[in-house]
Amino acid sequence: MTHILHRQIRHTLPVAVSAHGITITDAAGKTYLDASGGAAVSCVGHGHPAVLAAMHAQIDRVAYAHTSFFTTEVAEQLAEQLVRTAPEGTSHAYFVSGGSEAVEAALKMARQYFVEIGQPQRRHFIARRQSYHGNTLGALAVGGNAWRRRQFAPLLIEVTHVSPCYEYRGLEPGETPEAYGQRLVAELAGAIDRLGGENVIAFVAETVGGATSGALTPVPGYLQGVRELCTRHGILLILDEVMCGMGRTGTLHACAQDGVVPDLLVIAKGLGGGYQPIGAVLAQRPIVEAFAQGSGMFQHGHTYLGHPVACAAALAVQRELHEGGLLARVAPLGQALRQKLVAAFGEHPHVGDIRGRGLFQAIELVADRATKQPFEPAPRLHARIKAEAMARGLMVYPMGGTIDGQQGDHVLLAPPFICTESDLDAIVERLAAAVTAAL
Ligand SMILES: Cc1ncc(COP(=O)(O)O)c(C=O)c1O
């Protein structure tokens, strides 16, 4: 009998007792290959000695000091490291304890910026359908996952949602990806015009869409078009890289591959690599300067801002990514993963699309490849695949509602950057068996 209110009350979970490298072992002695990094979290793998040592050392030095009284060396060093490697113009990092908190902070930072610079009439956010930005009320409101939002809708701030960049389903016959991207930019322009450009605070988007629709990559030129449009209207661009950032797609920040610099860049998950809960907002200089010259503060805060042990873990993870060479492994391993997925599923009658970047790849399942007809939602194919994968000692991240919050199924893969090609072979082999068993 458990006294934890688990995510699923009627399910019984295995008990994790140890975790090393890319595996987790349960109390029954069964070992699972972590092909999803949990939820795209474990980037340097489990039980990494350098990260554990950094955390131990920090606990012995200062385990906690409230940020209204003190700063700490480790938080300062992490901020310096993140700003040095951030997109051009980034000047400050704001540390919180996870992705949803980071998104909330970014939304408030964006709003306060306009109050500080004398544009308090700006009060609208625009975001995309089929996105996920977190489960707290502000983050849930900008998120576009219809299922997650539905019962909480009366509590959510009003947000305008536009189409996701979903090439597999959005591209019209004969349309080039570039033209599709510009069509989406025009749709966003229409939404801005309807609200009045002078009333919009920010456009919020995941650079590469993650949990809701599975590794949706932006088509060429799309994010650049979005950036130009936002700049033209003085609207901030908030890119949420909680899932796709911190090296997951092959560059430290996914937006580097699109040649786009957001005003606020939101990171978490891989920042702490699962060793500690930590997220951050990386802010461009003009935003922080507006605060500095205005009220002199960011009117926000939590008890665990800049937690020293979390910062120590994140700093050690950064060292492994850069000096330890793990970041450089992602692009070639990602290509290998893609090839293996294509070999296993490229001709599969029920896999309509294989997509993603780096070690962030997904397959979308369809009842009919020719028509792209999804499976009926009720039999919950995604949940069956997860169960079959777990039975085979494989952790993947499947989800339903890929298309509209109700229909569609996909499986997301996000293995740790320490994995080898033979690990990828095992992952794809077990996934193929799980898909076959679930269908
Ligand atoms: C893109 C994105 N933003 C925000 C979040 C929320 O992060 P957290 O679960 O750490 O609150 C997630 C979590 O999956 C995410 O994928």
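Residues numbered from 1 in each chain as written. Predicted model: local features only at pLDDT ≥ 70, side-chain atom pairs only at ≥ 80, totals over all residues. Heavy atoms only, no water.

### Points about the environment of Met399
Keep this limit in mind: Starting at the N terminus, helices and strands are each numbered in turn, a helix being any DSSP run of H or I of at least four residues and a strand any DSSP run of E of at least two. In this description, contact between two residues means that some pair of their heavy atoms is separated by no more than 4.5 Å.
Within the fold, Met399 resides in strand S14 (residues 397–400). Counting along the chain gives 178 residues from Met399 to Gly221, while the straight-line C-alpha distance between them is 28 Å. Those residues in contact with Met399, other than ones at most four positions away along the chain, are Arg148, Ala211, His382, Gly408, Asp409 and His410.

### Observations concerning helix H4 (residues 99–116)
Residue pairs three or four apart in sequence face the same way in an α-helix, which turns once every 3.6 residues. The line we're drawing: Helix span is expected to be 1.5 Å times the residue number reduced by one. Relative accessibility under 20% of the residue-type maximum defines a buried residue, over 50% an exposed one, and the middle range a partly exposed one, all with a 1.4 Å probe and only protein chains included.
In this model, H4 (18 residues) spans 25 Å end to end at C-alpha, consistent with the 26 Å of a helix rising 1.5 Å per residue. All of the buried residues in H4 are Gly99, Ala102, Val103, Glu104, Ala105, Ala106, Leu107, Met109, Ala110, Gln112, Tyr113 and Phe114.

### Notes on the packing of helix H3 (residues 73–84) against helix H11 (residues 308–322)
Note the following rule: Working convention: axes come from line fits to C-alpha atoms, limited for helices to the stretch in contact. Angles between N-to-C directions cover 0 to 180 degrees. Helix crossings fall into two classes, left-handed where the near helix is turned counterclockwise from the far one by less than a right angle and right-handed where it is turned clockwise. Asp, Glu, Lys and Arg are counted as charged, while Ala, Val, Leu, Ile, Met, Phe, Trp, Tyr, Cys and Pro are counted as nonpolar; the rest, among them Gly, fall into the polar class.
The geometry of H3 relative to H11 is characterised by a closest axis approach of 8 Å and an angle of 35° between their N-to-C directions. Read as a crossing pair, H3 and H11 show a hand that is left-handed. Mapping the contact onto sequence places Val74, Ala75, Gln77, Leu78, Gln81 and Leu82 in H3 and Pro308, Cys311, Ala312, Ala314, Leu315, Gln318, Arg319 and His322 in H11. Here the residues of the contact of H3 with H11 sort into nine nonpolar, four polar and one charged.

### Side note on helix H2 (residues 49–61)
The following threshold applies: Note that the arc is computed from the directions linking the helix axis to the C-beta atoms.
Between the first and last C-alpha of H2 there are 18 Å, a value that for 13 residues agrees with the 18 Å anticipated at 1.5 Å per step. All buried positions along H2 are accounted for by Val51, Met55 and Gln58. Taken down its axis, H2 places every buried residue within 65° of arc, on the same side. Structural note: H2 exposes Pro49, His56, Asp60 and Arg61 on the side pointing more than 90 degrees away from its buried face.

### Notes on the pattern of salt bridges
What counts here: Salt bridge criterion: a side-chain nitrogen from Lys or Arg within 4 Å of a carboxyl oxygen from Asp or Glu.
Counting across every chain of the model gives 11 salt bridges. For Lys340, the salt bridge goes to Asp425, with nearest N and O atoms at 2.9 Å. Note that Lys340 is positioned in helix H12 (residues 326–345) and Asp425 in helix H14 (residues 421–438), a separation of 85 residues in sequence. Taking the shortest distance from any N to any O, the salt bridge between Glu364 and Arg355 comes out at 2.8 Å. Each member of the pair, Glu364 as well as Arg355, is classed as buried. In the salt-bridge network here, residues are joined through shared partners; they are Arg169, Asp353, Arg355 and Glu364.

### Observations concerning the sheet that holds strand S4 (residues 90–96)
Strand-to-strand pairing in sheets goes through backbone hydrogen bonds, with the strands running parallel or antiparallel. Short version of the rule: Any two strands with at least two DSSP-identified bridges between them are counted as paired.
Ordered by their spatial adjacency, seven strands build an open sheet running S4-S10-S9-S8-S7-S5-S6, and the pairing between neighbours is mixed. One side of each edge strand has no neighbouring strand; the edge strands of this open sheet are S4 and strand S6 (159–162). Taking each pair of neighbouring strands and ignoring which way they run, the sheet shows an average axis angle of 20°. The sheet contact formed by S4 and strand S10 (residues 279–284) spans six bridges and is antiparallel. Within S10, the position partnered with His92 by the bridge is Ala283. Sitting on the sheet, H4 touches S4, strand S5 (124–128), strand S7 (200–206), strand S8 (236–240), strand S9 (264–267) and S10, and the angle it makes with S9 is about 165°.

### Comments concerning the site of the ligand
To keep things clear, this is the line we draw: The nearness test applies per residue and asks whether one of its heavy atoms lies within 4 Å of the molecule or strand. Here a polar contact means two N or O atoms within 3.5 Å. Within protein one must be a hydrogen donor candidate and the other an acceptor candidate, and residues neighboring in sequence count only if both atoms are side-chain atoms. Under the convention used here, a 1.4 Å probe and the Shrake-Rupley method define accessible areas, while residue burial counts only the protein chains that appear.
Taken together, the residues surrounding the ligand are Gly98, Gly99, Ser100, Tyr132, His133, Gly134, Glu206, Asp240, Val242, Met243 and Lys269. At a separation of 2.5 Å, an oxygen atom of the ligand approaches a polar side-chain atom of Ser100. In the environment of the ligand, a nitrogen atom lies 2.7 Å from a nitrogen or oxygen atom belonging to the side chain of Asp240. About the coverage of the ligand: the protein hides 82% of its 390 Å² of free accessible area. Residue composition of the shell around the ligand, grouped by class: three nonpolar, five polar and three charged.

### What to know about unusual backbone geometry
Not every positive phi belongs to a glycine, and Lys269 is a case in point at roughly 35°. You can see Lys269 is positioned in the loop between S9 and S10. Accessibility expressed as a relative area gives 24% for Lys269, which makes it partly exposed. A positive phi angle, near 65°, is found at Lys372, a position not held by glycine. Its place among the elements puts Lys372 in the loop between strand S12 (360–365) and helix H13 (381–391). Lys372 sits in the partly exposed class, given a relative accessible area of 30%.

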